[in-house]
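Chains, contacts and geometry: an overview
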Amino acid sequence: MRRTGPIYRLRLASCLLLGVLAAGAVHAASSMQAVVQDPFLELRTGPGRGFPVTQVVDRGAEVNLLRRRTDWIKVRGTNGVEGWVHRSQLERTLTPAGAQLALPGPSPESRTGHRWELGVATGDLEGASVVRAQGAYLLTPSLLVRADVAQLLGNSSDGWLGTLGIAHVFMPQWRVSPFVGIGGGGLHVEPEATLVQPEDRSDTVAYAGLGLRGYLTDRFMLQAEYREFVVFTSRDDNEEIDEWTVSFVYFF
Amino acid sequence: MDRELRVLLLSGLAVVAVATPQRAHAQEAPAAETATPQVVEPRVQRREVNPPGLDTENFEAGAFVGTLSIEDFGASVVYGGRLAYHFTEDVFAEATLGTADAGKTSYEDLSGSAELLSDDDRQFTYYDLSVGWNALPGEVFLGGRRAMPSAVYFTLGAGSTRFGGDDHFTVALGAGLRVLANDWIAVHLDARNLAFESDLLGKDKLTHNLQFTFGLTAFF
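Residues numbered from 1 in each chain as written. Chains lettered and ligands numbered in written order. Predicted model: local features only at pLDDT ≥ 70, side-chain atom pairs only at ≥ 80, totals over all residues.

1. Remarks on the nonpolar core
Note the following rule: We define the nonpolar core as any set of buried residues of the types Ala, Val, Leu, Ile, Met, Phe, Trp, Tyr and Cys, connected via C-beta atoms lying within 7 Å of each other. Think of it as a crowd count around each C-beta: if 20 or more other C-beta atoms lie within 10 Å the residue is buried, if 12 or fewer it is exposed, and in between it is partly exposed, with C-beta placed from the backbone throughout. For every residue pair, C-beta atoms are placed from the backbone, and the pair is scored as a contact if these atoms sit within 7 Å.
If you look at the biggest cluster of nonpolar residues, it comprises 52 residues, and the most contacted ones within it are Val 130, Leu 152 and Met 221 of chain A together with Phe 124 of chain B. Every residue in contact with Leu 152 of chain A, bar those within four places of it in the chain, is listed here: Leu 125, Ala 128, Val 130, Asp 158, Gly 159, Trp 160 and Leu 161 of chain A. Leu 41, Leu 43, Leu 65 and Val 85 of chain A belong to the second-largest nonpolar core, a separate cluster that totals 13 residues.

The structure is reproduced here in structure tokens:
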């Protein structure tokens, strides 16, 4: 029996939803204490500047830090009031032992001091559309080890492209900096079944590329890149293909 | 060619790039620390305290169910999962995977002739990688005593759809409402347009497939 009826689907979906609830039930918030050093802490109803301030906690009071979401920390005062506080307000709080509380976050220094980059990209590879996930590890602020996986969607064929490479950023401290990169990987192409030779191909590739990357904020970058690939085919001649991409990168 | 799709996507990216606040120089003025000189160095050995790490909950994962209107093939039940990472209170990235069984075209129903697609090809499966923006943070009020944090968000992304035996480059444009039922459970109402070029009915055309879903997610 083929289980694709709408009732089976609804059952499966409700199981998934229940699974989400069950996963959260085992989820307990950890707790950490701090003493307020600012004149007061503003407690908001939600983790964002758009939520109203409904409570304050005065200087010298102890608060429990319950959980953190992006730059916002949920705290509970000794009198039981709860709310979300921005990281910047807690930076001057102290632990009960009198040490400075460590709450790492972004700063202008993180632009050249970050270690990891994650991004999504889209673009064009010789007429085919590219959807790509990419990551990089920075050995130094200007030397990156990069890896990416892309799905290629063309009119007459589809495929996958995965590469590993290194890149050099010329001026990482500049707002916009050029970079160059080289690397290699694999290309798998599946022609559409309606064509005469529906034969899948997997080939090794190497690339050289150059591009520009610019910081949007202390966490995000926009990167544009051109890469020229050489495909080492099993035929007599190697093939050369061009790729243009734009990517949105998060670094930390 | 997917030219219209790409123009749509690139213009979206351009808007994001222009609209992002330029904070490059605003934050470079260091706060001058005025420390009082310490006359006596206290000979107290401070106890090393290693506080347990604060529970950081920037990931959001969950499932959704709803209806997907597949152009020319009627509306079907769609279900799937989503995984999001919140970079800041405003910006998040999201990966979505969804699947639905397409119905029949009006032609197939009326003519009673052979079916255009096999059962396997009728399965509509898509994924997309999107960037989202929490445009309108706020609160949802239930009665006079209960207020729940919420956000209206917009997403733009690219991905791939497998339908009719072929993969299609897909641009996903969406908007939704996220309501936090408690600190870590969120309820989503989400509308999304999956646009891709298809030649399934003999001619290239841009198809728009609208999806409306209800979802539950957990932050962790």
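2. What to know about the domain arrangement of chain A
Spelled out, the test is: These domain boundaries are the output of an automatic or database domain assignment.
Splitting chain A by domain gives domain 1 (32-90) and domain 2 (110-251). One C-alpha centre belongs to domain 1 of chain A, the other to domain 2 of chain A; they are set 43 Å apart.

3. Details of the sheet that holds strand E2 (residues 75-86) of chain B
All names here are of chain B. Keep this limit in mind: DSSP-based pairing: two strands are paired if at least 2 bridges between them are found. By the criteria applied, helices consist of DSSP H or I runs no shorter than four residues and strands consist of E runs no shorter than two, each listed in order from the N terminus. Under this scheme, a helix contributes an axis fitted over its contacting stretch, all axes are lines through C-alpha atoms, and angles between N-to-C directions fall in the 0 to 180 degree range.
Taken in spatial order, the 8 strands line up as E1-E2-E3-E4-E5-E6-E7-E8 and close into a barrel, and their pairing is antiparallel. Within the sheet, the average angular offset between the axes of one strand and its neighbour, ignoring direction, is 25 degrees. Here strand E1 (residues 59-69) runs beside strand E8 (residues 205-219); their pairing, made up of 10 bridges, is antiparallel. The residue bridging Ala 63 from the neighbouring strand is Leu 216, located in E8.

4. As for the pairing of E8 of chain B
All names here are of chain B. As judged from the 14 bridges shared by strand E7 (residues 185-198) and E8, these two strands associate in the antiparallel manner. Directly across from Ser 198, in E8, lies its bridge partner Lys 205. Where E7 folds back on E8, the antiparallel hairpin that results is connected by 6 residues, among which Gly 202 adopts a positive phi of roughly 95 degrees.

5. What about the pairing of strand E6 (residues 166-180) of chain B?
All names here are of chain B. The pairing of strand E5 (residues 146-163) with E6 spans 14 bridges and is antiparallel. The partner of Phe 163 across the bridge, within E6, is Asp 166. In sequence, E5 turns back onto E6 through a hairpin of 2 residues, with Gly 164 there showing a positive phi of about 65 degrees. Relative to E7, E6 runs antiparallel, the two being bridged by 11 bridges. Across the sheet, the residue bridging to Leu 173 is Asn 193, located in E7. Linkage of E6 to E7, two consecutive antiparallel strands, is achieved through a turn of 4 residues.

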